[in-house]
Every structure is written in structure tokens, then in C-alpha cells.
Amino acid sequence: MRQVEKSVGRKLDALNFFLADVRDGLGPYLAIYLLTERKWDEARIGAVMSLAMLAGILAQTPAGVLIDRSRAKRGWMAAAAIGVTAACLALPLVDQFPLVAATQVVAHAAGSIFAPGVAALSLGIVGLGAFAGRVGRNEAFNHAGNAAAAAIAGISAYFYGPITVFWLIGAMALASVAATLSIPREAIDDDIARGLAHRDDDEPASPDQPSGYRVLLTCRPLLIFAIATVLFHFANAAMLPLVGQKLALVNRDLGTTLMSVCIIAAQIVMVPVAIIVGRKADSWGRKPIFAAALGVLALRGALYPISNNPYWLVSVQLLDGVGAGIFGALFPLVVADLTRGTGHFNVSQGAIATATGIGAALSTGVAGFIVVKAGYDAAFLSLAAIAAIGLGLFAALMPETKSTAAPYQGRTPETSNDGAARVISAREPAR
């Protein structure tokens, strides 16, 4: 019997809170900074963001492989946080397109470590039985951290200018490194963290456990889910930057502050949404919840063109909290369902994250082009149509994954309210 203390769950909470402002680098603030401070047009901004996202795409699967194979997950996450921060802090020192793009390429490549890293730490600490609740709690603290960081960024930018966003990332990075290294190494089961069945040291590995790569290539639901995530991110990724640009054009002096209001509004909604998804995903099922995320995304894109009023734009942005809150909490659960027992949970996450990155990279570049040629309303409606197509395909083709998971033999945790678990050795019967 192995006891996982509640304090470990609290340290995971802290990690997700402080990592929130680091894992995406400058995020939508990059568009505001380049538009208002560098006077770049939307097409150049979209190109930089697309190049950065492409770097993240190429790094996703290798990052998953690294996290699967490494027993130094905490160290890699700390190094990634430092890399993202260094790249972002270099941005104000350069002004040429290639150099600006290079800083963001480095930031996004390093940031690809965080998603599989957090998921692996969580799974390795609480086990599969408590994973849904832990993921929901992770997302809740991540969104709370985003909201807090956005509030600080908005207030400080109002008084001291957009440059304060860069220093905020640095402070949050140091805190995230401390939180990561505070998690005891012995609290993490590396076999469980990669999705392997837990076994005794003298028990031989099962020879018929499927390869993670074969699962990626032959698992039809995994491929369908990957397509759905591509369409989700194609429709979603450009919306917030476009809203930020519209707000900045209305009032350039308040562009960063208004963007912070948008982020805070959405993140506040994401916190309860993530908690609800974590608690209800097993009883409600994964498919209807993810379908709801796609539907809300399509509605959001269709509502933005109705008015340019800042209050309207911020109000519609609240819907981002529903869609993104669902996706963040559900994504690792679906991947875990479809890769149980393979030992390649994190590389599978990385491969599907690569697909989502493709959608996101295409989103910003295509949306920026549409804005230049046809305006913001056309861009929003185009993104809404893509989300609607994704909803139709997902509803028609995707099965319910919680009932189709491969047999898994592992630890059955008894969970506490804070997402930590008391883990006991057990054998879960094959379904």
C-alpha cells in the first residue's frame, strides 16, 4: 500500500496555477504588442503567430516521447519554463521580423513540454481511477492562474504600459519552477505516468501490450478525435487575437487592458466548467460534452460580428470559457481512454497535440489574411463555419470512448477532495 499525501495534490494545484501564464508564452498579448507598439499589420502578426505555432507543432510528438521515456519529468518542465520566459523577455530587444519570429518559435517549442508533463505527473501521482477528477482540478487551477495573471497584466499595463506583461511572465515562471520541484520524486509512479499497467518488479512485461505508435495509426476513434481537435483549434485559435485587435483599434491606449478583461471573463467561466467536466465526464460520457464545446464555439464565432461594442465583445468572449474549459479537461481523458495499457499515453497526447497545433497555426494565418482582404466579420463567420463542420463530423463518426477503453490493470486510487489519492495495488477487470 502506498499513501499519496494531500500536500502533493496541493503542490499540483500550485504548479497548474503558476504555470498558467507561462505555458502559452505571450499568447494573445503578442498580437496586441505587435499591433500597438510595433505598428505591424494583421497579416504580419498572423504570420509570426503561425510560425511560432508551427514550431510548437513540430515539437509536440517529440515532447510526448521525451516525457514517456524520461524519469526526470520535473526537471524537463522546469527547464521548459525557463526557456519560454527567456525567449519572451528577449522580444522587446528585437524589432526585425526574423528575430521576432525566432523568439516566439523558441517559446512555443519549449512550451510543448508542459501539456504532456502535467498530464504525466498527474496520472503518475493519482492513478487512472482518480484521473478525471484530477484533470478537472488541474484545469480549474490553470484557469484561475490565467485569470489572476490577466488581472495583474491589465492593471499594470494601464499604469505602466504593455511591457509589464513580459515581467509578469518572468515572475510566474520562477514560481512555477519552485512548484514543480516541490513535488516529491517518490510520489510519481513512472509506469503509471506513461499509461502502463502497474506491475511488481519481478513480474515480466506483458508481450501483447500494443505499441503506442500502432495505436496512433490504427485506432479509428483516435484518428477521428484528432480531426475533431484540428477543426476545433482551427476555429478557436484566431478568435481571441482577432477580438483583441478589434478592441485595440477602438482604443489603442486600452488595448492590453481590454484584452485582459476578455481573458479574465473567459477564465472565470472556465474554472467551474473544468470542475464540472472532471466530475461528470464518467457519468455523462465524453462525446456529448465535447460536442457541446464545438457547438458553443460555432455560436461564439457567429455572435462576434453583431456589434463592435467592447461590452458586447467581452460578453461573447465568456463563451470561450465554456468551449475551452471543456476541451482542456476532456482532451487527456479521451486520450487516456484510447491508449490504456499501451505505455504511450504521453506520445499519443503529443501526436494529437500536433494535430491541434496544425489547426491553430492555420487559424491565425488564414484569419489574418481574411481580415486584410474582407474584414473582421468575414473572418469570424468563416471560423464559425469551420466549428460547425467539426461538430457535424464529430457527432456522426465519434464513438463514446469511456466504454471502449482497452483493458487496463493498474492502481485503483481512493481520491480525496483535493485531487490527491490514497493508492492501493489492485487489478481492474478487463471490460
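Starting afresh in each chain, residues are numbered from 1 along the sequence in its written order. Where totals are concerned, whole chains, interfaces and linings use all residues; where local detail is concerned, this predicted model gives features only for residues with pLDDT of at least 70, and gives and counts side-chain atom pairs only at 80 or more. Side-chain descriptors were evaluated using all non-hydrogen atoms of the structure, hydrogens and water having been removed beforehand.

### A look at the overall build of the chain
Here's step 1: Counting from the N terminus, the helices are the DSSP runs of H or I reaching at least four residues and the strands are the DSSP runs of E reaching at least two. Within the chain, the secondary structure is distributed over 17 helices and three strands.
Here's step 2: Relative accessible area decides the class of each residue, using a 1.4 Å probe on protein chains only: under 20% of the type maximum gives buried, over 50% gives exposed, and in between gives partly exposed. In the chain, which comprises 431 residues, the share counted as buried stands at 59%.
Here's step 3: Two residues qualify as a contact provided that any one of their heavy atoms is within 4.5 Å of a heavy atom in the partner residue. Restricting to contacts in the chain with at least 6 residues of sequence separation, those with at least 24 account for 83%.
Here's step 4: For the chain, the accessible area works out to roughly 16800 Å², and carbon and sulfur atoms hold 65% of it. All accessible areas in this document rest on Shrake-Rupley with a 1.4 Å probe, and a residue is counted as covered only by the protein chains that are shown.

### Concerning the packing of helix 3 (residues 42–69) against helix 6 (residues 114–126)
Here's step 1: For helices, the fitted axis covers only the stretch in contact; all axes are lines through C-alpha atoms, and the angles between them, taken along N-to-C directions, range from 0 to 180 degrees. Closest axis-to-axis distance for the helix 3/helix 6 pair is 9 Å, and the angle between their directions is 25 degrees. The angle between helix 3 and helix 6 falls in the class roughly parallel. The interaxial crossing formed by helix 3 with helix 6 has right-handed handedness. For the pair helix 3 and helix 6, contact is made by Ala63, Gly64 and Ile67 and by Pro116, Gly117 and Ala120, respectively.
Here's step 2: Looking at the contact of helix 3 with helix 6, its residues break down into four nonpolar, two polar and no charged. Here is the rule for angles: anything less than 35 degrees is roughly parallel, anything more than 145 is roughly antiparallel, 65 through 115 is roughly perpendicular, and the remaining ranges are oblique. When the near helix sits turned anticlockwise from the far one by under a right angle, the crossing is termed left-handed; a clockwise turn instead gives a right-handed crossing. Amino acids outside the nonpolar list (Ala, Val, Leu, Ile, Met, Phe, Trp, Tyr, Cys, Pro) and the charged list (Asp, Glu, Lys, Arg) are all regarded as polar, and Gly is one of them.

### Section: the environment of Gly56
Here's step 1: Here Gly56 lies in helix 3.
Here's step 2: By relative accessible area, which is 6% here, Gly56 ends up buried.
Here's step 3: Considering only alpha carbons, one finds Gly56 and Ile113, 57 residues apart in sequence, at a separation of 9.5 Å.
Here's step 4: Every residue in contact with Gly56, bar those within four places of it in the chain, is listed here: His108, Ala109 and Ser112.

### As for the nonpolar core
Here's step 1: Take the buried residues of types Ala, Val, Leu, Ile, Met, Phe, Trp, Tyr and Cys, join any two whose side-chain atoms come within 4.5 Å, and each joined set is a nonpolar core. Judged by nonpolar contacts, the single largest core of 122 residues is most densely connected at Phe225, Leu242 and Leu330.
Here's step 2: Take this core: its biggest share by element is 13 residues, from helix 15 (residues 310–338).
Here's step 3: Sequence-distant contacts of Phe225, that is, excluding residues within four places in its chain, are made with Phe290, Phe331, Val334, Val335, Ile352, Phe394 and Met398.
Here's step 4: Membership of the second largest hydrophobic core comes to five residues, among which are Met53, Ile57, Ala237 and Ala361.

### Some details on the packing of aromatic side chains
Here's step 1: Between 30 and 60 degrees the pair is tilted, below 30 it is stacked and above 60 it is edge-to-face, where a pair is any two Phe, Tyr or Trp rings, Trp via its six-membered ring, whose centres lie within 6.5 Å. Within this structure, the stated rule accounts for nine aromatic pairs.
Here's step 2: Ring plane angle 90 degrees and centroid distance 5.2 Å describe the contact between Phe17 and Phe18, whose orientation is recorded as edge-to-face.

### Here we look at the packing of helix 7 (residues 131–160) against helix 15
The description of two helices packed together rests on the angle between their axes and the distance between the axes.
Here's step 1: Two numbers describe how helix 7 lies on helix 15: the axes approach to 9 Å, and their chain directions differ by 150 degrees. It follows from the interaxial angle that helix 7 and helix 15 lie roughly antiparallel. With respect to the hand of their crossing, helix 7 and helix 15 are arranged in right-handed fashion. Residues Phe131, Ala132, Val135, Glu139 and His143 of helix 7 pack against Gly325, Gly328, Ala329, Pro332, Leu333 and Ala336 of helix 15.
Here's step 2: Here the residues of the contact of helix 7 with helix 15 sort into seven nonpolar, three polar and one charged.

### With respect to the environment of Ala115
Here's step 1: With respect to the helices and strands, the residue Ala115 is situated in helix 6.
Here's step 2: Overall, the relative accessible area of 35% leaves Ala115 in the partly exposed class.

### Remarks on the pattern of salt bridges
Here's step 1: Whenever a carboxyl oxygen of Asp or Glu lies within 4 Å of a side-chain nitrogen of Lys or Arg, that contact is scored as a salt bridge. For the structure on display, the rule yields five salt bridges.
Here's step 2: The partner of Asp13 in a salt bridge is Arg137, and the shortest N-O contact between them spans 3.1 Å. Taken together, the residues Asp13 in helix 1 (residues 6–19) and Arg137 in helix 7 connect sequence positions 124 residues apart.

### Some thoughts on the confidence of the model for the chain
Here's step 1: Taken residue by residue, the chain gives an average pLDDT of 78. The fraction at 70 or more is 83%.
Here's step 2: What pLDDT reports is the predictor's confidence in each residue, on a scale of 0 through 100. Within the chain, strand 3 (residues 421–424) has the poorest average pLDDT of any element, 35, and helix 14 (residues 286–303) the best, 94.
Here's step 3: Taken as a whole, residues 199–213 scores under 50 in pLDDT and shows 15 contacts with residues more than four places along the chain or in a different chain.
Here's step 4: Per-residue pLDDT stays below 50 along residues 404–431; that stretch engages in 89 contacts with residues further than four places along the chain or on separate chains.

### Thoughts on the environment of Ala102
Here's step 1: Among the structural elements, Ala102 can be located in helix 5 (residues 97–111).
Here's step 2: Separated by twelve residues in sequence, Ala102 and Ala90 place their C-alpha atoms 10.0 Å apart.

### Concerning helix 15
Here's step 1: Spanning 29 residues, helix 15 covers 42 Å between terminal C-alpha atoms, matching the ideal 42 Å at 1.5 Å per step.
Here's step 2: Given a residue, its bend is the angle between the two axes fitted to the seven residues that end at it and to the seven that start from it. Of all the bends in helix 15, the greatest reaches close to 35 degrees and is centred on Leu330; the proline Pro332 follows between one and four positions later.
Here's step 3: Nitrogen and oxygen atoms within 3.5 Å of one another constitute a polar contact, given that in protein one can donate a hydrogen and the other can accept it, and given that sequence-neighbouring residues count only through two side-chain atoms. At the N-terminal end of helix 15, a side-chain oxygen is found 2.7 Å from the backbone nitrogen of Tyr311, two or three residues along, and the residue is Asn309. One fewer than the residue count of a helix, multiplied by 1.5 Å, yields its expected span.

### Quick look at the side chain of Asn138
Here's step 1: In this structure, Asn138 sits in helix 7.
Here's step 2: Among the residues examined, Asn138 registers a relative accessible area of 5% and is labelled buried.

### With respect to a nonpolar patch on the surface
Here's step 1: Patch membership needs two things, relative accessible area over 30% and no salt bridge, and members are linked within 9 Å if like-charged or within 5 Å if nonpolar (Val, Leu, Ile, Met, Phe, Trp, Tyr). On the surface, a nonpolar cluster with roughly 560 Å² of combined accessible area is contributed by Ile155, Tyr158, Phe159 and Tyr160.
Here's step 2: Structurally, the position occupied by Tyr158 is in helix 7.
Here's step 3: The exposure class assigned to Tyr158 is exposed, which follows from its relative accessible area of 52%.

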